[in-house]
Amino acid sequence: DVQLLESGGGLVQPGGSLRLSCAASGFTFSNYAMGWARQAPGKGLEWVSLITGSGRNTYYTNSVRGRFTISRDSSNLYLHMNSLRVEDTALYYCAKGESATYCSGEVWGQGALVTVSS
Amino acid sequence: DVVMTQSPLSLPVTLGQPASISCRSSQSLVYSDGNTFLSWFQERPGQSPRRLIYKVSNRDSGVPDRFSGSGSGADFTLTISRVEAEDVGVYYCMQGSHWPWTFGQGTKVEIQ
């Protein structure tokens, strides 16, 4: 079974940094694009970033471009978040893609909560 | 960004009766390869999102056949043929044709 386990969430001050991790198992990780999506408290869903299976191509939504960096190694997905803002407060989900070059959220993890507050 | 508009936003349903949710996009979701990347997700209370339908009408593995998706271009529908108690939750449509992928506002399905 595909399993995605996020970690690294927590409370951080505005302007601070955090790194989220997603441990993947149950599939050949390098064969699939992966992504991060988020859900602010009481709000809807928003895609944040994608990365292809090779790691060569990355994509970001406008509000995080230049502040967040997505990366991956042999079995983990990461989201490095810098210059955090109050509006980045959300439950962050890791998601598995459908192919090496495409991810639209075939399977989702349980989420990691990031709270940005002074 | 492509704007996804769902209706209704709240849907009281009767057990055993059908239910439908509409989703419209601000531009066509037909991709250059001919595919239409429109998905439907279910978010049950306290759980992470689960994809039900991909590419308009394809059910994901393990999804009951009472769920079906239809539509084309910029106009799509999710139908539940006979609502069961476990279907309570929020349903989102999502377009994956134009980055950034975007979701509808969500439709809350509850038993009346």
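Residues numbered from 1 in each chain as written. Chains lettered and ligands numbered in written order. Predicted model: local features only at pLDDT ≥ 70, side-chain atom pairs only at ≥ 80, totals over all residues. Heavy atoms only, no water.

S.K.: Would you take a moment to explain the overall build of chain B for this structure?
M.R.: Across its full length, chain B holds zero helices and 11 strands. What you see in chain B, going N to C, is helices and strands ordered as β-β-β-β-β-β-β-β-β-β-β. In terms of overall dimensions, chain B is globule-like: its C-alpha atoms have a radius of gyration of 13 Å, near the 13 Å expected for 112 residues. Counting only C-alpha atoms and orienting by the principal axes, one finds that chain B spans roughly 40 × 25 × 25 Å. A total of 112 residues make up chain B; the buried ones form 46% of that total. Surface accessibility of chain B: about 5,000 Å² in total, with carbon and sulfur atoms responsible for 47%. Charged side chains in chain B number 9 positive and 10 negative. The centres of these two groups are separated by 3 Å. (Helix = DSSP H or I, 4+ residues; strand = E, 2+ residues; numbered from the N terminus. Rg over C-alpha atoms; globule rule 2.2 N^0.38 Å. Buried < 20%, exposed > 50% of the residue type's maximum accessible area, 1.4 Å probe, protein only. Areas by Shrake-Rupley, 256 points an atom, 1.4 Å probe, with all protein chains shown as cover. Lys, Arg positive; Asp, Glu negative; His and termini not counted. Charge placed at Lys NZ, Arg CZ, Asp CG, Glu CD.)

S.K.: I'm lost on the environment of arginine 19 of chain A in this one. Help?
M.R.: Residues and elements named next belong to chain A. Summarising the element assignment, arginine 19 is placed in strand β3 (residues 18-25). Relative accessible area serves as the criterion here: at 45%, arginine 19 is assigned to the partly exposed category. For the pair arginine 19 and leucine 79, spaced 60 residues apart in sequence, the C-alpha separation works out to 5.6 Å. Arginine 19 has contacts with Ser7, Gly8, Tyr78, Leu79 and His80, leaving out every residue within four places of it along the chain. (Contact = heavy atoms within 4.5 Å.)

S.K.: Please clarify how the interface of chain B and chain A should be interpreted in this entry.
M.R.: How big an interface is tends to be stated in terms of accessible area lost as the parts join. In this complex, chain B contributes 16 residues to the contact, which on the side of chain A involves 23 residues. Both sides together, the interface formed by chain B and chain A hides about 1,500 Å², and carbon and sulfur atoms give 59% of it. Linking chain B with chain A are one salt bridge. Across the salt bridge formed by arginine 51 of chain B and glutamate 98 of chain A, the nearest N and O atoms sit 2.4 Å from each other. Taken together, the connections running from chain B to chain A amount to eight residue pairs in polar contact (both at pLDDT 80 or more). (Buried area = accessible area lost by both parts, 1.4 Å probe. Salt bridge = Lys/Arg side-chain N within 4 Å of Asp/Glu carboxyl O. Polar contact = N/O pair within 3.5 Å; in protein donor to acceptor, adjacent residues only side chain to side chain.)

S.K.: Please clarify how the side chain of threonine 52 of chain A should be interpreted in this entry.
M.R.: Among the secondary structure elements, threonine 52 of chain A is positioned in the loop between β5 (45-51) and β6 (58-60). Other than its neighbours up to four places away in sequence, threonine 52 of chain A contacts Tyr32, Ala33, Asn57, Tyr59, Arg72, Ala100 and Thr101 of chain A.

S.K.: Explain the state of the cysteines to me, please; I cannot follow it from the model alone.
M.R.: A covalent bond bridging the sulfur atoms of two cysteines is what the word disulfide describes. Scanning the model with the defined rule gives two disulfides over all chains in all. Shown here is the disulfide that connects cysteine 22 of chain A with cysteine 94 of chain A, its sulfur atoms set 2.1 Å apart. Measuring handedness by torsion sign, the sulfur bridge of cysteine 22 of chain A and cysteine 94 of chain A sits at about -65 degrees and is left-handed. One end of the pair, cysteine 22 of chain A, is in strand β3; the other, cysteine 94 of chain A, is in strand β9 (residues 90-96), with 72 residues separating them in the sequence. For cysteine 94 of chain A, a relative accessible area of 0% corresponds to the buried category. A sulfur-sulfur distance of 2.1 Å marks the disulfide that ties cysteine 23 of chain B to cysteine 93 of chain B. In this structure, the disulfide formed by cysteine 23 of chain B and cysteine 93 of chain B twists by about 75 degrees around the S-S bond and is classed as right-handed. Linking cysteine 23 of chain B in strand β3 (residues 19-25) with cysteine 93 of chain B in strand β9 (residues 89-95), this pair joins segments that are 70 residues apart in sequence. Residue cysteine 23 of chain B is classed as buried on the basis of its relative accessible area, which comes to 0%. (Disulfide = S-S within 2.5 Å.)

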